Amino acid sequence: MSSSVADPETPDPAPARPHFRFRAWNLLLLVPLISLITPLFNMTEPTLLGLPFFYWFQIAVIPLGILCTLTVHLVTRERDEEGDR
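Thresholds applied
Residues numbered from 1 in each chain as written. Predicted model: local features only at pLDDT ≥ 70, side-chain atom pairs only at ≥ 80, totals over all residues. Heavy atoms only, no water. Helix = DSSP H or I, 4+ residues; strand = E, 2+ residues; numbered from the N terminus. Buried < 20%, exposed > 50% of the residue type's maximum accessible area, 1.4 Å probe, protein only. Areas by Shrake-Rupley, 256 points an atom, 1.4 Å probe, with all protein chains shown as cover.

Caption draft 1: Summary view of the overall build of the protein. Counting its secondary structure elements, the protein contains one helix and zero strands. By the burial criterion, 11% of the 85 residues in the protein qualify as buried. Carbon and sulfur atoms make up 65% of the accessible area of the protein, which amounts to about 7,400 Å² in all.

Caption draft 2: Molecular detail of unusual backbone geometry. Of note, the bond from Glu-45 into Pro-46 is cis; its omega dihedral lies within 30 degrees of zero at 0 degrees. Relative to the elements of secondary structure, Pro-46 occurs in the segment before helix H1 (53-81). The backbone phi angle of Leu-49 is positive, close to 55 degrees, even though this residue is not glycine. Along the chain, Leu-49 turns up in the segment before H1.

Given below as structure tokens:
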């Protein structure tokens, strides 16, 4: 005997939770975006090993961006693995 009416004993599924949850650690991901604001570093002085500031600043931002991304990943990883988003 099949019925199209839902079984009254089964609970309703939980409402869907949003996938994005703000965490202060995520603000660290904005640090690498400094390299996109060209007027902040569009200059030749000071030089480092003969490289103008424009170039060595961009090279320095790469490891900084990696460190920021890695930090956010490591700090927020445990919550994500547990399903707490």
